[in-house]
Amino acid sequence: MERRYSLRTIGSVFLLSAAVALTASTETRAQQVYSGQPQEGQQSGDFQQPPAPDAAQMAAMRKDVQVAASYQLPDDFLPRMITTLQALQDAGLQPPPPEGHISLDDTIRRVESVQGIQPVLKSQGFTARQFVMGLTSFGITYAVTSHTADAKDAPRLNPRNVSLLQKNPDAVRALLQQMGNQPAQAQ
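Here we summarise the structure given alongside this text. Just so it is clear, the model here is predicted, and its values are computed rather than measured. (Residues numbered from 1 in each chain as written. Predicted model: local features only at pLDDT ≥ 70, side-chain atom pairs only at ≥ 80, totals over all residues. Heavy atoms only, no water.)

**Focus on the overall build of the protein**
- On a plain count of helices and strands, the protein comes out with nine helices and zero strands.
- When the helices and strands of the protein are listed from N to C terminus, the series reads α-α-α-α-α-α-α-α-α.
- Residues counted as buried form 44% of the 187 residues belonging to the protein.
- Look at the contacts in the protein between residues 6 or more apart in sequence, and 77% of them connect residues 24 or more apart.
- Within the structure as shown, the protein displays about 9,900 Å² of accessible surface, and the carbon and sulfur contribution to it stands at 50%. (Helix = DSSP H or I, 4+ residues; strand = E, 2+ residues; numbered from the N terminus. Buried < 20%, exposed > 50% of the residue type's maximum accessible area, 1.4 Å probe, protein only. Contact = heavy atoms within 4.5 Å. Areas by Shrake-Rupley, 256 points an atom, 1.4 Å probe, with all protein chains shown as cover.)

Here's what the structure looks like:
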C-alpha cells in the first residue's frame, strides 16, 4: 500500500527548515528541534524525526536555508501557489515526506520523481524547482517575520518577499490554510 502524507506534513517540513534557521546558532538548539521531544507550537507529523544533524549537515542546512531565504518569489506567487496546492490536493498528489537531512536539490529531485506531479506543476506555471524553492522561501519568510523576537540568527530575507507577504495578509492566511488541507485521495 502506498502511503500518502498530508500537505500539512510537507508544509511543516518547510516551516521546520525555517525553525532550524532561527535556532541554528547553537548545536544544542538544533538537537532539540530534531529530537523526538515535542517543541512549543510543534505538531506531530506522519514522519519520524531524523537524528540530530552533525556539523557538516548543519553547515549545509544553513546554506540551503539562506539560498531559499534569498530566493525571490514572483509577484503572483501567493494566488498561484494556493491554486497549485489545490490542484495537487484534487489529484491526490504531493511531494514525498522528508527522510533524514536532505538538501534543497535532493528535495527538488524527490518532488520531480512523484509520478504525475510534473504536469500539474507545469499547468500552474511551476517547475519542481520553483515549487520547492517558492514554498521553502515562503515558509522561511513567514516564520522569520512572524517570530521577529527569535530572529537574531535568522537568514537574510529577500526584502521583496517580506513586502509581498506584508501586503497580502489574506493570501498568506489562505496559503497557510491550503497547506494544511488533506489530499482528496489520501489513504
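**Description of the environment of Ala-52**
- Locating Ala-52 in the fold gives a position in the loop between helix H2 (27–34) and helix H3 (55–70).
- Expressed as a C-alpha distance, the spacing of Ala-52 and His-101, which sit 49 residues apart in the sequence, is 9.1 Å.

**Focus on the packing of aromatic side chains**
- A complete count under the given rule lists three aromatic pairs for this structure.
- Here Phe-77 and Phe-126 contribute two aromatic rings whose centre-to-centre distance is 6.4 Å and whose plane-to-plane angle is 80°, an arrangement assigned as edge-to-face. A residue pair is termed long-range when its members are at least 10 positions apart, and Phe-77 in helix H4 (residues 77–91) and Phe-126 in the loop between helix H6 (117–123) and helix H7 (128–146) qualify at 49 residues. Of the two residues, Phe-77 and Phe-126, both sit in the buried class.
- Summarising the aromatic geometry, the rings of Phe-138 and Tyr-142 are spaced 6.1 Å apart at their centres and angled 20° between planes, so their arrangement reads as stacked. Taken as a pair, Phe-138 and Tyr-142 lie in helix H7 at a separation of four residues, close to a single helical turn.
- Assessed through its relative accessible area of 0%, Phe-138 is described here as buried.
- Chaining the aromatic ring pairs together yields one cluster made of Phe-77, Phe-126, Phe-138 and Tyr-142. (Phe/Tyr/Trp six-rings, centres within 6.5 Å; stacked < 30°, edge-to-face > 60°.)

**What to know about helix H9 (residues 169–179)**
- Burial in H9 covers these residues: Val-172, Leu-175, Gln-178 and Met-179. Down the axis of H9, the buried set is contained in an arc of 125°. They therefore lie on one face. Exposed and oriented more than 90 degrees from the buried face of H9 are Asp-170 and Gln-177. (Arc of directions from axis to C-beta.)

**Thoughts on the side chain of Gln-66**
- Relative to the assigned elements, Gln-66 resides in helix H3.
- Look at Gln-66 and you get buried, because its relative accessible area is 15%.
- Within the local environment of Gln-66, its side chain forms a polar contact with the backbone oxygen of Arg-156, the two atoms lying 2.8 Å apart.
- Once residues lying within four places of it in the same chain are set aside, the contact partners of Gln-66 are Pro-155 and Arg-156. (Polar contact = N/O pair within 3.5 Å; in protein donor to acceptor, adjacent residues only side chain to side chain.)

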